[in-house]
Amino acid sequence: MGSVVKSTNKEVNGSVAVKNPTVVFVLGGPGSGKGTQCANIVEHFGYTHLSAGDLLRAEIKSGSENGTMIQNMIKEGKIVPSEVTIKLLQRAMQENGNDKFLIDGFPRNEENRAAFEEVTKIEPAFVLFFDCPEEEMERRLLSRNQGREDDNIETIRKRFKVFLESSLPVIEHYTAREKVRKIDAGRPVEEVFESVKALFTPKDEKAD
Ligand code: UP5
Ligand code: MG
(Lines give C-alpha, C1' and ligand atoms only; values in the text may rest on other atoms or scores of the structure.)
(Ligands and ions follow the chains in the order given, each with its own letter.)
Protein backbone atom coordinates (compact mmCIF):
# COMPACT_ATOMS: atom_id res chain seq x y z
CA MET A 1 0.00 0.00 0.00
CA GLY A 2 2.46 2.67 -1.14
CA SER A 3 1.83 6.19 0.00
CA VAL A 4 0.68 8.68 -2.57
CA VAL A 5 2.80 11.80 -2.77
CA LYS A 6 0.52 14.72 -3.38
CA SER A 7 1.73 17.80 -5.16
CA THR A 8 -0.42 20.14 -3.09
CA ASN A 9 1.08 22.05 -0.19
CA LYS A 10 -1.96 21.84 2.08
CA GLU A 11 -0.06 20.67 5.12
CA VAL A 12 2.97 22.93 5.15
CA ASN A 13 4.04 23.46 8.76
CA GLY A 14 1.53 20.84 9.85
CA SER A 15 -1.04 23.62 9.91
CA VAL A 16 -4.61 23.01 8.83
CA ALA A 17 -5.14 26.69 8.19
CA VAL A 18 -4.01 26.32 4.58
CA LYS A 19 -7.19 24.36 3.90
CA ASN A 20 -9.08 27.25 5.50
CA PRO A 21 -11.88 25.25 7.07
CA THR A 22 -15.06 26.75 8.47
CA VAL A 23 -15.10 26.18 12.21
CA VAL A 24 -18.00 26.74 14.60
CA PHE A 25 -17.25 26.45 18.30
CA VAL A 26 -20.15 24.85 20.20
CA LEU A 27 -20.02 25.90 23.83
CA GLY A 28 -22.26 25.62 26.89
CA GLY A 29 -22.26 24.11 30.35
CA PRO A 30 -22.01 20.40 31.11
CA GLY A 31 -25.27 18.79 29.97
CA SER A 32 -26.49 21.84 28.04
CA GLY A 33 -27.02 19.63 24.97
CA LYS A 34 -23.91 20.32 22.87
CA GLY A 35 -23.50 16.72 21.68
CA THR A 36 -27.22 16.22 21.06
CA GLN A 37 -27.57 19.35 18.93
CA CYS A 38 -24.29 18.73 17.07
CA ALA A 39 -25.67 15.37 15.90
CA ASN A 40 -28.68 17.22 14.46
CA ILE A 41 -26.51 19.85 12.78
CA VAL A 42 -24.36 17.13 11.17
CA GLU A 43 -27.45 15.44 9.78
CA HIS A 44 -28.96 18.62 8.31
CA PHE A 45 -25.98 20.76 7.36
CA GLY A 46 -23.10 18.43 6.52
CA TYR A 47 -20.66 19.50 9.20
CA THR A 48 -18.20 17.11 10.85
CA HIS A 49 -18.66 16.96 14.61
CA LEU A 50 -15.50 16.97 16.73
CA SER A 51 -16.21 16.72 20.46
CA ALA A 52 -13.04 17.56 22.39
CA GLY A 53 -14.34 15.48 25.32
CA ASP A 54 -14.97 12.47 23.05
CA LEU A 55 -11.47 12.79 21.55
CA LEU A 56 -9.95 12.87 25.04
CA ARG A 57 -12.00 9.85 26.17
CA ALA A 58 -10.88 7.97 23.02
CA GLU A 59 -7.29 8.86 23.89
CA ILE A 60 -7.73 7.28 27.35
CA LYS A 61 -9.16 4.12 25.77
CA SER A 62 -6.34 3.90 23.22
CA GLY A 63 -3.86 3.42 26.04
CA SER A 64 -1.83 6.48 25.06
CA GLU A 65 0.93 7.72 27.38
CA ASN A 66 -1.28 10.68 28.32
CA GLY A 67 -4.23 8.43 29.14
CA THR A 68 -3.88 8.34 32.92
CA MET A 69 -3.30 12.09 33.16
CA ILE A 70 -6.39 12.80 31.01
CA GLN A 71 -8.50 10.35 33.02
CA ASN A 72 -7.54 12.00 36.30
CA MET A 73 -8.27 15.49 34.97
CA ILE A 74 -11.71 14.45 33.66
CA LYS A 75 -12.58 12.80 36.97
CA GLU A 76 -11.78 16.10 38.69
CA GLY A 77 -13.58 18.17 36.06
CA LYS A 78 -10.32 19.95 35.28
CA ILE A 79 -9.19 21.24 31.91
CA VAL A 80 -6.62 19.07 30.13
CA PRO A 81 -3.49 21.00 28.93
CA SER A 82 -4.12 22.82 25.65
CA GLU A 83 -1.35 21.14 23.71
CA VAL A 84 -2.90 17.71 24.24
CA THR A 85 -6.40 18.74 23.16
CA ILE A 86 -5.23 20.89 20.26
CA LYS A 87 -3.11 18.04 18.87
CA LEU A 88 -6.13 15.74 18.92
CA LEU A 89 -8.36 18.34 17.25
CA GLN A 90 -5.76 19.14 14.59
CA ARG A 91 -5.22 15.48 13.81
CA ALA A 92 -8.96 14.87 13.56
CA MET A 93 -9.35 17.81 11.15
CA GLN A 94 -6.40 16.75 9.04
CA GLU A 95 -7.64 13.18 8.77
CA ASN A 96 -11.06 14.35 7.65
CA GLY A 97 -11.85 15.41 4.10
CA ASN A 98 -14.54 17.86 5.16
CA ASP A 99 -14.00 21.62 5.34
CA LYS A 100 -16.76 22.38 7.88
CA PHE A 101 -16.29 21.47 11.53
CA LEU A 102 -18.27 21.81 14.74
CA ILE A 103 -15.80 21.91 17.59
CA ASP A 104 -17.82 20.91 20.64
CA GLY A 105 -16.67 21.66 24.20
CA PHE A 106 -13.51 23.58 23.22
CA PRO A 107 -12.03 26.14 23.93
CA ARG A 108 -12.78 25.81 27.65
CA ASN A 109 -10.62 28.64 28.91
CA GLU A 110 -8.84 31.69 27.58
CA GLU A 111 -5.55 29.82 27.35
CA ASN A 112 -7.20 27.08 25.21
CA ARG A 113 -8.62 29.77 22.98
CA ALA A 114 -5.41 31.72 22.50
CA ALA A 115 -3.30 28.58 21.95
CA PHE A 116 -5.70 27.18 19.33
CA GLU A 117 -5.66 30.45 17.44
CA GLU A 118 -1.88 30.67 17.64
CA VAL A 119 -1.26 27.08 16.51
CA THR A 120 -3.94 26.66 13.85
CA LYS A 121 -4.48 30.31 12.78
CA ILE A 122 -8.16 29.44 12.66
CA GLU A 123 -10.81 31.93 13.79
CA PRO A 124 -14.31 30.54 14.33
CA ALA A 125 -17.04 31.66 11.92
CA PHE A 126 -19.22 32.02 15.01
CA VAL A 127 -19.75 30.55 18.46
CA LEU A 128 -22.91 28.66 19.31
CA PHE A 129 -23.63 29.08 23.01
CA PHE A 130 -26.17 26.81 24.68
CA ASP A 131 -27.45 28.68 27.68
CA CYS A 132 -29.15 26.36 30.17
CA PRO A 133 -30.09 26.62 33.86
CA GLU A 134 -27.80 24.65 36.16
CA GLU A 135 -30.65 22.66 37.77
CA GLU A 136 -31.72 21.45 34.32
CA MET A 137 -28.15 20.50 33.34
CA GLU A 138 -27.74 18.62 36.62
CA ARG A 139 -30.98 16.70 36.05
CA ARG A 140 -29.89 15.71 32.55
CA LEU A 141 -26.40 14.57 33.59
CA LEU A 142 -27.68 12.53 36.52
CA SER A 143 -30.12 10.67 34.29
CA ARG A 144 -27.81 10.19 31.30
CA ASN A 145 -26.66 6.70 32.25
CA GLN A 146 -23.94 6.30 29.64
CA GLY A 147 -21.30 5.24 32.10
CA ARG A 148 -19.36 8.52 32.04
CA GLU A 149 -16.99 8.64 34.98
CA ASP A 150 -17.68 12.35 35.44
CA ASP A 151 -21.48 12.01 35.69
CA ASN A 152 -21.61 11.80 39.48
CA ILE A 153 -22.82 14.66 41.64
CA GLU A 154 -19.40 15.40 43.12
CA THR A 155 -17.69 15.76 39.72
CA ILE A 156 -20.72 17.51 38.21
CA ARG A 157 -20.44 20.29 40.81
CA LYS A 158 -16.73 20.69 39.97
CA ARG A 159 -17.55 20.83 36.24
CA PHE A 160 -20.11 23.59 36.87
CA LYS A 161 -17.58 25.60 38.87
CA VAL A 162 -14.91 25.29 36.16
CA PHE A 163 -17.48 26.27 33.54
CA LEU A 164 -18.39 29.48 35.39
CA GLU A 165 -14.85 30.43 36.29
CA SER A 166 -12.92 29.42 33.18
CA SER A 167 -15.28 28.83 30.24
CA LEU A 168 -17.64 31.80 30.54
CA PRO A 169 -14.74 34.24 29.94
CA VAL A 170 -14.29 32.60 26.52
CA ILE A 171 -17.96 33.33 25.73
CA GLU A 172 -17.39 36.92 26.91
CA HIS A 173 -14.35 37.23 24.66
CA TYR A 174 -16.39 36.28 21.61
CA THR A 175 -19.44 38.28 22.72
CA ALA A 176 -17.27 41.39 22.63
CA ARG A 177 -16.41 40.45 19.03
CA GLU A 178 -20.08 39.84 18.13
CA LYS A 179 -19.45 36.20 17.34
CA VAL A 180 -21.76 34.59 19.89
CA ARG A 181 -25.13 33.16 18.90
CA LYS A 182 -26.89 32.40 22.18
CA ILE A 183 -29.60 29.78 22.31
CA ASP A 184 -32.02 29.08 25.16
CA ALA A 185 -31.08 25.43 25.68
CA GLY A 186 -33.40 24.72 28.60
CA ARG A 187 -36.23 23.79 26.23
CA PRO A 188 -37.07 20.39 24.64
CA VAL A 189 -34.51 19.08 22.08
CA GLU A 190 -36.73 19.79 19.04
CA GLU A 191 -37.43 23.37 20.09
CA VAL A 192 -33.74 24.04 20.68
CA PHE A 193 -32.96 22.64 17.24
CA GLU A 194 -35.49 24.96 15.59
CA SER A 195 -33.45 27.90 16.92
CA VAL A 196 -30.18 26.25 15.89
CA LYS A 197 -31.45 25.55 12.38
CA ALA A 198 -32.24 29.22 11.84
CA LEU A 199 -28.59 30.08 12.44
CA PHE A 200 -27.26 27.57 9.92
CA THR A 201 -29.79 28.19 7.16
CA PRO A 202 -28.51 30.70 4.62
CA LYS A 203 -30.61 33.86 4.77
CA ASP A 204 -31.81 33.62 1.15
CA GLU A 205 -33.23 30.12 1.81
CA LYS A 206 -35.31 31.26 4.76
CA ALA A 207 -39.04 31.71 4.32
CA ASP A 208 -40.06 35.17 5.37
N1 UP5 B 1 -30.46 16.19 26.65
C2 UP5 B 1 -29.80 16.93 25.72
N3 UP5 B 1 -30.56 17.96 25.33
C4 UP5 B 1 -31.71 17.89 26.03
C5 UP5 B 1 -32.90 18.70 26.06
N6 UP5 B 1 -33.05 19.78 25.29
N7 UP5 B 1 -33.90 18.35 26.92
C8 UP5 B 1 -33.76 17.25 27.72
N9 UP5 B 1 -32.68 16.44 27.72
C10 UP5 B 1 -31.66 16.76 26.88
O11 UP5 B 1 -26.80 15.99 26.75
C12 UP5 B 1 -26.70 15.56 28.08
C13 UP5 B 1 -27.92 14.70 28.42
O14 UP5 B 1 -29.09 15.49 28.34
C15 UP5 B 1 -28.14 13.53 27.45
O16 UP5 B 1 -28.64 12.44 28.15
C17 UP5 B 1 -29.16 14.08 26.46
O18 UP5 B 1 -29.96 13.08 25.92
C19 UP5 B 1 -29.96 15.01 27.34
P20 UP5 B 1 -25.51 16.16 25.81
O21 UP5 B 1 -26.00 16.50 24.44
O22 UP5 B 1 -24.63 15.00 25.97
O23 UP5 B 1 -24.89 17.46 26.49
P24 UP5 B 1 -23.40 18.03 26.44
O25 UP5 B 1 -23.53 19.51 26.53
O26 UP5 B 1 -22.68 17.45 25.28
O27 UP5 B 1 -22.88 17.45 27.82
P28 UP5 B 1 -21.42 16.90 28.22
O29 UP5 B 1 -21.60 16.19 29.49
O30 UP5 B 1 -20.80 16.16 27.10
O31 UP5 B 1 -20.69 18.29 28.44
P32 UP5 B 1 -19.30 18.56 29.09
O33 UP5 B 1 -18.93 19.88 28.55
O34 UP5 B 1 -19.34 18.42 30.55
O35 UP5 B 1 -18.43 17.34 28.60
P36 UP5 B 1 -17.21 17.19 27.57
O37 UP5 B 1 -17.26 15.83 27.04
O38 UP5 B 1 -17.17 18.32 26.64
O39 UP5 B 1 -15.95 17.32 28.57
C40 UP5 B 1 -15.78 16.40 29.62
C41 UP5 B 1 -14.49 16.70 30.36
O42 UP5 B 1 -13.38 16.55 29.48
C43 UP5 B 1 -14.34 18.12 30.92
O44 UP5 B 1 -14.98 18.27 32.17
C45 UP5 B 1 -12.84 18.24 31.02
O46 UP5 B 1 -12.34 17.58 32.16
C47 UP5 B 1 -12.37 17.48 29.78
N48 UP5 B 1 -12.15 18.37 28.61
C49 UP5 B 1 -10.98 19.13 28.60
O50 UP5 B 1 -10.18 19.09 29.52
N51 UP5 B 1 -10.74 19.92 27.50
C52 UP5 B 1 -11.61 20.01 26.45
O53 UP5 B 1 -11.32 20.76 25.50
C54 UP5 B 1 -12.80 19.25 26.49
C55 UP5 B 1 -13.05 18.44 27.58
MG1 MG C 1 -20.89 16.29 25.07
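What comes next concerns the included structure. Quick caveat: nothing in here was measured; it's all calculated off a predicted structure. (Residues numbered from 1 in each chain as written. Chains lettered and ligands numbered in written order. Predicted model: local features only at pLDDT ≥ 70, side-chain atom pairs only at ≥ 80, totals over all residues. Heavy atoms only, no water.)

1. Details of the sheet that holds strand E2 (residues 48-51)
What the five strands build is an open sheet, ordered E2-E3-E1-E4-E5; its pairing is parallel. Of all the strands in the sheet, the pair left with one neighbour each is E2 and strand E5 (180-184). Taking the axes of each pair of neighbouring strands and ignoring which way they run, one obtains an average angle of 20 degrees across the sheet. Two strands pair when backbone bridges link them, and strand E1 (residues 22-28) and strand E4 (residues 126-131) are joined in this way by five bridges, in the parallel orientation. Considered in E4, the bridge of Phe25 is made with Val127. Taken strand by strand, helix H1 (residues 34-45) contacts E1, E2, strand E3 (100-104) and E4, and its axis lies near 170 degrees from that of E3. (Pairing = 2+ DSSP bridges. Helix = DSSP H or I, 4+ residues; strand = E, 2+ residues; numbered from the N terminus. Axes fitted to C-alpha atoms, helices over the stretch in contact; angles between N-to-C directions. Contact = heavy atoms within 4.5 Å.)

2. Topic: helix H4 (residues 82-95)
Taking 1.5 Å per residue as the helical rise, H4 with its 14 residues ought to reach 20 Å, and the 20 Å between its terminal C-alpha atoms agrees with that figure. Three or more residues of H4 are buried, namely Ser82, Val84, Thr85, Ile86, Leu88, Leu89, Gln90, Ala92 and Met93. Buried residues in H4 make contact with E1, E2, helix H2 (52-61), helix H3 (67-75), E3 and helix H5 (110-120). (Expected span 1.5 Å × (residues − 1). Buried < 20%, exposed > 50% of the residue type's maximum accessible area, 1.4 Å probe, protein only.)

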